[in-house]
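What follows is each chain in one-letter form.
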Amino acid sequence: ALGGSIATEIQEIAGKQDHRAANSDDQKERFRIHQPVHVKAGTCLAEIIGAGRVEVNSLHRQAIERLARELVVEAVADDGTIEAVSVRDSLAFAVGVQWHPEFWASQDGPSKAIFEAFGDAARHHADDAAQRAVEIDRAADDARVCSESSRPESVSDHRNVIGAGRIIVGKQ
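Focus: the overall build of the protein
Looking only at helices and strands, the protein has four helices and seven strands in total. If you list the helices and strands of the protein from N to C, you get β-α-β-α-β-β-β-β-β-α-α. Looking at the protein as a whole, 27% of its 172 residues qualify as buried. Carbon and sulfur atoms provide 51% of the accessible area of the protein, an area that totals close to 11300 Å².

Following this line, the structure appears as structure tokens:
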């Protein structure tokens, strides 16, 4: 949707590690934290979990081949595979990772931090939306009061109130 491209079956590409899950029926073994990634300093992810090396449970067979212009690389694996991105200049939480922080969110510090940051962003967004709804309701009430007070008594009075109403856009 943003452009860029995806490489498939990266484990077959020379110089790339096998990022797939371990072949096991034990989910803890399949999702074990074992792969180092390097979080770039100054990125959104670095603000959340810190810059530098962190171990993750990266489980994938596809990876970004050509990065879309709207994306910023947040973390890479030892083999150069892009492991995390964000949306450039996003006004909202827009971080994507190639690993599965949901599996260890209750036990692993970086995984937990990612979910806490996402939750904080969602709550902040909900609070902003609620505040905007209150402002819209107030504006609508003001508009109703204005239009009711300037309603013509008869059809013949209608031309006398043209322009008497007001249009409310944005904050007052």
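What to know about the packing of aromatic side chains
Think of a pair of aromatic rings as described by two things: how far the centres are apart, and how the planes are tilted against each other in angle. Taken as a whole and judged by the stated rule, the model has two aromatic pairs. With a centroid separation of 5.0 Å and an interplanar angle of 75 degrees, the aromatic rings of Phe 103 and Trp 104 are classed as edge-to-face. A relative accessible area of 30% places Phe 103 in the partly exposed class.

Focus: the environment of Ala 21
Mapping Ala 21 onto the fold places it in the loop between β1 (5-8) and α1 (27-30). Note: C-alpha distance between Ala 21 and Arg 61 (40 residues apart in sequence) is 9.0 Å. Look past the residues within four positions of Ala 21 in its chain and what remains in contact with it is Arg 30 and Leu 59.

Side note on the nonpolar core
Judged by nonpolar contacts, Val 37, Val 39, Leu 45, Ala 46, Ile 49, Val 54, Val 56, Ala 75, Ala 84, Trp 99, Ala 113 and Ile 114 together constitute the single largest core of 12 residues. Looking at this core, the element that brings in the most residues is helix α2 (residues 44-49), giving three residues. Those residues in contact with Ile 114 that lie beyond four places of it in its chain are Leu 45, Ile 48, Ile 49, Phe 93, Trp 99 and Pro 101. Judged by nonpolar contacts, the second largest core, of six residues, contains Ala 68, Val 76, Ile 82 and Val 85.

Observations regarding the sheet that holds strand β3 (residues 52-56)
The strand order across the open sheet formed by five strands is β3-β2-β5-β6-β7, and the pairing between neighbours is antiparallel. Looking along the sheet, the strands with just one partner apiece sit at the ends: β3 and β7 (95-97). Averaged over neighbouring strand pairs, the angle between their axes works out to 25 degrees when direction is ignored. Bridge count between strand β2 (residues 35-39) and strand β5 (residues 71-77): three bridges; the pairing is antiparallel. Following the sheet pairing, His 38 is matched in β5 by Val 76.

A word on unusual backbone geometry
A positive phi is found at Asp 89, a non-glycine position, where the angle reads about 60 degrees. With respect to the secondary-structure elements, Asp 89 resides in the loop between β6 (82-87) and β7. Residue class for Asp 89 comes out exposed when judged on its relative accessible area of 72%.

Here we look at the environment of Ile 6
Here Ile 6 is to be found in strand β1. A C-alpha to C-alpha distance of 4.6 Å links Ile 6 and Ile 64, two positions 58 residues apart in sequence. Those residues within four positions of Ile 6 in sequence are excluded, and the remaining contacts are Gln 62, Ala 63, Ile 64 and Glu 65.

Each value, and the rule that gives it
Residues numbered from 1 in each chain as written. Predicted model: local features only at pLDDT ≥ 70, side-chain atom pairs only at ≥ 80, totals over all residues. Heavy atoms only, no water. Helix = DSSP H or I, 4+ residues; strand = E, 2+ residues; numbered from the N terminus. Buried < 20%, exposed > 50% of the residue type's maximum accessible area, 1.4 Å probe, protein only. Areas by Shrake-Rupley, 256 points an atom, 1.4 Å probe, with all protein chains shown as cover. Phe/Tyr/Trp six-rings, centres within 6.5 Å; stacked < 30°, edge-to-face > 60°. Contact = heavy atoms within 4.5 Å. Core = buried A, V, L, I, M, F, W, Y, C linked by side-chain atoms within 4.5 Å. Pairing = 2+ DSSP bridges. Axes fitted to C-alpha atoms, helices over the stretch in contact; angles between N-to-C directions.

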